Amino acid sequence: RRDNDLHIGGIFPMEGEGGWQGGQACMPAAELALADVNARSDLLSGFKLRLHSNDSKCEPGLGASVMYNLLYNPPQKLLLLAGCSTVCTTVAEAAKMWNLMVLCYGASSPALSDRSRFPTLFRTHPSATVHNPTRIKLMQKFAWSRIAILQQAEEVFISTVEDLEAHCKKAGIEIVTRQSFLSDPADAVRNLRRQDARVIVGLFYVVAARRVLCEVYKHRLYGKSYVWFFIGWYEDNWFETNLEREGIECTVEQMREAAEGHLTTEALMWNQNANQTTISGMTSEDFRSRLNEALREAGYDIDGERYPEGYQEAPLAYDAVWSVALAFNKTMEKLQKSGLSLKNFTYTNKKIADDIYEAINSTSFLGVSGLVAFSSQGDRIALTQIEQLTDNHYVKLGYYDTQADNLTWLDRERWVGGKVPPDRTVVVNEL
Ligand SMILES: CC1(C)CO[C@@H](CC(=O)O)CN1
């Protein structure tokens, strides 16, 4: 084994029943980045980054065993890349015992924003809580100070709602009711009507979202007097597909009618300024072309719109490898001053681990996913995008930069009743 190699472990969810198989696009993206950083003569002073990848199937147990194999088999690893919230939770909680940094490119769980449990975790994937300041900003813009929450009983949504409630309290926004359901939303939706909820934030996975929408149709909780906030990372025609297969009783037309006008929020994962050159020399559209080519070679029918899972998050994996390369580069420069290099790292060497931590913590570069920087909790700082479903397709309404509290608004919103729906029943006093 050449001794100018710097080895890192890669844990990718490639297949499996539950969870997110985003490794399908994220591993090829990481490999593109590996080739790019190793081609740069000005990075890593002659060393090459080597990625040792394994499949976690998005299962924490398998992820743990893959991690042990990476750590107990030579060569020694310097850092771990991982995806899926469940796997990142397990890997990041254990990795500190080996003084290893963990960089997660596909983990949205708010629970991971916890330095006491995950002291060496960083993620290029934003936490699900990144939506909340955007939701608050929109409520303030449209003078909605009375809202309701409908959520699926899943850990990621439970902790996102707790964060949303804290934001609402700070902003003086009243939550008239918080309804949750395991898999059947019927009762929860019925209770929304009882509480006269008008502005409703919905937090659930896409299969549950279809069931919610059909219940919304049945209870007529849509149209000119209602506003729904849905999550923006469902596939574009999510409310029309799989209706038979999932036993949805509503027709496509009824689903479209109930869905008309809803708002969505999502974190931006592809740099919006398509002709802005990033640190790799590529624009995000150049990256898209190269990724598509790599995926075609891997056998995906990209031109037939058959994208692998994780395509949306691929820039996060590409930029994660750049984050590692830049941090190692910074650490190498620092270590050289004392005649050391990253080859001196061992799993018990906390000093070098702290140097690597400091280098990652101060990351700041323009990647294909936008500006890459981390909060003190290791969370990705990201922009969000707001869309509205109008005439059956999503229209971009604007972007929000939470750090700068800057809302870029395109004035494209349209309301079914021709004006902004009020957040409560408005009593008109007869003069
Ligand atoms: C936006 C989404 C789909 C949220 O879940 C992430 C996976 C996870 O958090 O386990 C991947 N990206």
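For the structure itself, consult the block above.
## A few points about the side chain of Gln 24
Next up, step 1: Along the chain, the position of Gln 24 falls in helix H1 (residues 23-39).
Next up, step 2: A distance of 2.9 Å separates the side chain of Gln 24 from the backbone oxygen of Met 14, its partner in a polar contact.
Next up, step 3: Here the side chain of Gln 24 touches Glu 309 through a polar contact of 3.1 Å, landing on its backbone nitrogen.
Next up, step 4: Residues within four places of Gln 24 in sequence aside, it is in contact with Pro 13, Met 14, Leu 295, Tyr 300, Pro 308 and Glu 309.

## Structural notes on the state of the cysteines
Next up, step 1: Scanning the entire structure with this criterion turns up 3 disulfides.
Next up, step 2: Sulfur-sulfur distance for the disulfide between Cys 88 and Cys 104 comes to 2.2 Å. On the sign convention where negative is left-handed, the bridge of Cys 88 and Cys 104, at about -125° about the S-S bond, is left-handed. Taken together, the residues Cys 88 in helix H3 (residues 85-95) and Cys 104 in strand E4 (residues 101-106) connect sequence positions 16 residues apart.
Next up, step 3: Using a relative accessible area of 0% as the deciding quantity, one classes Cys 88 as buried.

## Topic: the side chain of Asp 319
Next up, step 1: Note that Asp 319 resides in helix H10 (residues 314-336).
Next up, step 2: In this structure, Asp 319 is buried with no salt-bridge partner, the nearest side chain bearing the opposite charge being Arg 380 at 4.9 Å.
Next up, step 3: Excluding residues within four positions of it along the chain, Asp 319 makes contact with Thr 124, Phe 365, Gly 367, Val 368, Ser 369, Gly 370 and Val 372.

## Some thoughts on the pattern of salt bridges
Next up, step 1: On inspection of all chains with the given rule, the structure shows 23 salt bridges.
Next up, step 2: The closest approach of N and O atoms between Glu 235 and Arg 210, which form a salt bridge, is 3.9 Å. You can see Glu 235 sitting in the loop between strand E9 (227-231) and helix H8 (252-259) and its partner Arg 210 sitting in helix H7 (residues 206-218), a full 25 residues away along the chain.
Next up, step 3: Given the relative accessible area of 39%, Glu 235 is considered partly exposed.
Next up, step 4: Between Glu 215 and Lys 218 there is a salt bridge, with its nearest N and O atoms 3.0 Å apart. With Glu 215 and Lys 218 both in helix H7 and 3 residues apart, the pair spans about one turn of that helix.

## Section: the environment of Glu 15
Next up, step 1: With respect to the secondary-structure elements, Glu 15 resides in the loop between strand E1 (5-12) and H1.
Next up, step 2: For Glu 15, a relative accessible area of 45% gives the class partly exposed.
Next up, step 3: Each C-alpha atom of the pair Glu 15 and Asp 55 lies 7.7 Å from the other, and the pair is 40 residues apart in sequence.
Next up, step 4: Ignoring anything within four residues of it in the chain, the contact list for Glu 15 reads Gln 21, Asp 55 and Lys 57.

## Some remarks on the packing of H1 against helix H9 (residues 284-297)
Next up, step 1: Between H1 and H9, the shortest axis-to-axis distance is 10 Å and the interhelical angle comes to 115°. With respect to their mutual orientation, H1 and H9 come out roughly perpendicular. Remark: the crossing between H1 and H9 carries right-handed chirality. Facing H1, whose interface residues are Gln 24, Ala 25, Pro 28, Ala 29, Leu 32 and Asp 36, H9 presents Phe 287, Arg 290, Leu 291 and Leu 295.

## Some words on the packing of aromatic side chains
Next up, step 1: Across all of its chains, the model carries 25 aromatic pairs by this definition.
Next up, step 2: With a centroid separation of 5.5 Å and an interplanar angle of 90°, the aromatic rings of Trp 238 and Phe 239 are classed as edge-to-face. The two residues Trp 238 and Phe 239 agree in class, both being buried.
Next up, step 3: Through a chain of ring-to-ring contacts, the aromatic side chains of Phe 157, Phe 181, Phe 204, Tyr 205, Trp 228, Phe 230, Trp 233, Tyr 234, Trp 238 and Phe 239 assemble into a single cluster.
Next up, step 4: The ring of Phe 122 carries Arg 115 above its face, with NZ or CZ at 4.9 Å from the centroid.

## Considerations on the pairing of E4
Next up, step 1: Across the 6 residues that make up E4, a large majority, 6, are buried.
Next up, step 2: Bridging between strand E3 (residues 79-83) and E4 involves 5 bridges; their strand directions are parallel. Its bridge partner being in E4, Gly 83 is matched across the sheet by Gly 106.
Next up, step 3: Following the chain from E3 across H3 to the adjacent parallel E4, one finds a crossover that is right-handed.

Criteria and cut-off values
Think of each chain on its own: its residues are numbered from 1, step by step along the sequence as written. In view of the model being predicted, local features appear only for residues whose pLDDT reaches at least 70, and side-chain atom pairs are presented and counted only at 80 or more, with totals across whole chains, interfaces and linings using the full set of residues. Working from all heavy atoms in the structure, the side-chain values ignore hydrogens and water. Secondary structure is summarised from DSSP: a helix means a run of H or I of at least four residues, a strand means a run of E of at least two, and numbering begins at the N terminus for each. By the criterion applied in these results, polar contacts are pairs of N or O atoms within 3.5 Å in which, for protein atoms, one can donate a hydrogen and the other can accept it, and in which residues neighboring in sequence qualify only through two side-chain atoms. Contact criterion: two residues are considered in contact whenever any of their non-hydrogen atoms come within 4.5 Å of each other. For this text, the term disulfide refers to a pair of cysteine sulfurs within 2.5 Å. The rule is simple: take the accessible area with a 1.4 Å probe, protein chains only, and divide by the maximum for that residue type; under 20% is buried, over 50% is exposed, in between is partly exposed. Counted as positive: Lys and Arg. Counted as negative: Asp and Glu. His and the chain ends are not counted at all. Any Lys or Arg side-chain nitrogen located within 4 Å of an Asp or Glu carboxyl oxygen qualifies as a salt bridge. Between N-to-C directions, angles cover 0 to 180 degrees, with each direction set by a line fitted to C-alpha atoms, over the stretch in contact for helices. Every angle not falling under 35 degrees, over 145, or within 65 to 115 is termed oblique; those three ranges are roughly parallel, roughly antiparallel and roughly perpendicular. Two helices crossing with the near one rotated counterclockwise from the far one by less than a right angle form a left-handed crossing, whereas a clockwise rotation gives a right-handed crossing. A pair of aromatic rings is counted whenever rings of Phe, Tyr or Trp (Trp by its six-membered ring) have centres within 6.5 Å, and the orientation is called stacked for planes under 30 degrees apart, edge-to-face for over 60 and tilted otherwise. When the NZ atom of lysine or the CZ atom of arginine is within 6 Å of a ring's centre and also within 35 degrees of its normal, the charge is said to sit over that ring. Strands were regarded as paired on the criterion that DSSP finds at least two bridges between them. Here is how to tell: hold the view so the strands point away, follow the path from the first strand over the helix to the second, and if it runs clockwise the crossover is right-handed.

Remember that the coordinates give geometry; whether it matters functionally is a separate question.
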